[in-house]
Amino acid sequence: MKRREFLHRSAVLIAGASLVTLAFAKIEDINDAINKSGRQRMLSQRLAKAYLQLGQGIDVYRTRKILASSIASFELQLADLLAFAPTAENKQLLQSMQQQWGAYKNLLSAADPNPVASKELMRMSDEMLALAHGATLQLEKYSGTSGAKLVNISGRQRMLSQRMAKYYQALQWGVAPADALSKLEAARKDFVAGMQLLSTAPANTAQINDGLALAQQQWLFFDNALRQFGEPSAKPQDKLLLLNNVASSSERILEVMD
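Visitor: Explain the nonpolar core here, please?
Guide: Taken as a class, soluble globular proteins show a tendency for nonpolar side chains to be buried jointly. Counting 70 residues, the largest nonpolar core has Leu 94, Met 97, Trp 101, Tyr 104, Leu 108, Leu 121 and Phe 222 as the members making the most contacts within it. Looking at which element gives the most residues to this core, the answer is helix 2 (residues 30–55), with 11 residues. Aside from chain neighbours lying at most four places away, what touches Trp 101 is Leu 47, Ile 71, Phe 74, Glu 75, Leu 78, Leu 108 and Met 128.

Visitor: What's the story with the packing of aromatic side chains in this structure? I'm lost.
Guide: Each aromatic ring pair is summarised here by two numbers: the centre-to-centre distance and the angle between the ring planes. Scanning the entire structure with this criterion turns up 4 aromatic pairs. Relative to Tyr 104, the ring of Trp 101 lies with its centre 6.1 Å away and its plane at 80°, an arrangement referred to as edge-to-face. Of this pair, Trp 101 and Tyr 104 are both found in helix 4 (residues 88–109), 3 residues apart, which corresponds to roughly one turn of the helix. Residue Tyr 104 is classed as buried on the basis of its relative accessible area, which comes to 0%.

Visitor: Help me out: how do you make sense of the environment of Arg 39 in this one?
Guide: Residue placement: Arg 39 occurs in helix 2. Overall, Arg 39 belongs to the buried group, its relative accessible area being 3%. For Arg 39 and Gly 155, which are 116 residues apart along the polypeptide, the C-alpha to C-alpha distance reads 6.4 Å.

Visitor: Which parts of the structure should I look at to understand the environment of Ala 48?
Guide: Within the secondary structure layout, Ala 48 lies in helix 2. As for Ala 48 and Lys 166, which are separated by 118 residues in sequence, their C-alpha atoms are 6.4 Å apart.

Visitor: Quick question: what am I supposed to make of the side chain of Asn 90 here?
Guide: Mapped onto the fold, Asn 90 is located in helix 4. Judged by relative accessible area, Asn 90 falls into the buried class, the value being 2%. Discounting residues that sit within four places of it in the chain, Asn 90 has contacts with Ala 85, Ala 135, Gln 138 and Leu 139.

Visitor: Please clarify how helix 2 should be interpreted in this entry.
Guide: Side chains three or four residues apart in an α-helix point the same way, a direct result of the helix having 3.6 residues per turn. Between its first and last C-alpha atoms helix 2 spans 38 Å; for 26 residues at 1.5 Å apiece the expected length is 38 Å, and the two agree. In terms of burial, helix 2 is largely enclosed, as 24 of its 26 residues are buried. Residue Asp 29 occupies the N-cap position of helix 2, its side-chain oxygen lying 3.2 Å from the main-chain nitrogen of Asn 31.

Visitor: Could you clarify how one ought to interpret the pattern of salt bridges in this entry?
Guide: Pairing between side chains of opposite charge can happen when the charged atoms of each approach one another. Tallying each qualifying case throughout the model produces 15 salt bridges. Between Arg 227 and Asp 223 there is a salt bridge, with the nearest N and O atoms lying 3.0 Å from each other. Of the two residues, Arg 227 and Asp 223 both sit in helix 8 (residues 206–227), 4 residues apart, roughly one turn of that helix. The class of Asp 223 is buried, set by a relative accessible area of 14%. Beyond isolated ion pairs, a larger network of salt bridges with shared partners links Asp 126, Arg 163, Lys 166, Asp 179 and Lys 183.

Definitions and limits used
- Residues numbered from 1 in each chain as written.
- Predicted model: local features only at pLDDT ≥ 70, side-chain atom pairs only at ≥ 80, totals over all residues.
- Heavy atoms only, no water.
- Core = buried A, V, L, I, M, F, W, Y, C linked by side-chain atoms within 4.5 Å.
- Buried < 20%, exposed > 50% of the residue type's maximum accessible area, 1.4 Å probe, protein only.
- Helix = DSSP H or I, 4+ residues; strand = E, 2+ residues; numbered from the N terminus.
- Contact = heavy atoms within 4.5 Å.
- Phe/Tyr/Trp six-rings, centres within 6.5 Å; stacked < 30°, edge-to-face > 60°.
- Expected span 1.5 Å × (residues − 1).
- Polar contact = N/O pair within 3.5 Å; in protein donor to acceptor, adjacent residues only side chain to side chain.
- Salt bridge = Lys/Arg side-chain N within 4 Å of Asp/Glu carboxyl O.

What follows is the structure in structure tokens.
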């Protein structure tokens, strides 16, 4: 594909994805439910990432918008998923998520981000992720189709992009748990495996393949920044540049995978 055509399609894909992210409607079918439930997994990590970025003064204007829109999105989608819940088991798990969400939201909306609160935030973000992941797997099982599995995997890629960024920002701020590096590496391996699986899916269209190509391109920038964590020769200005690169690249991958 010619460079000009590739860039044009990339712009269309990102613009369309942004519209999808902002369009909230009642859930129409099981695949829509799986997509929204998968988006809850992503938001659980994106919220923590945004909080950590604010604490370090990273792209403050945009990060504040990300935090506010992610809080609103999580609440709207949770209400939609509760209304749609196809089984008693799924509804019960979503009700547990609703209870946990109150405490998580309060922490996110409290005073300016600080290192002490950030350590609690890391724990709560992982708990929220576990609940959202469980609910998504329930929906995939209820559907019982191969298409549902692909929707789930693609949605998981969104989450992994935010999870890697979350752990990176936490490590840079010194608020990460002891196993943060190993969890970041596990998320990196899962993301690479997911991209491989999606790129070989028989159901892929030309538009999907273009989107995956763009995601792979952004992944190279993102992965390069991630791998430079902790380099002793890094100057303060270089460290800030890497922090901003991780913040922006994780958002671009998210837009494409959405």
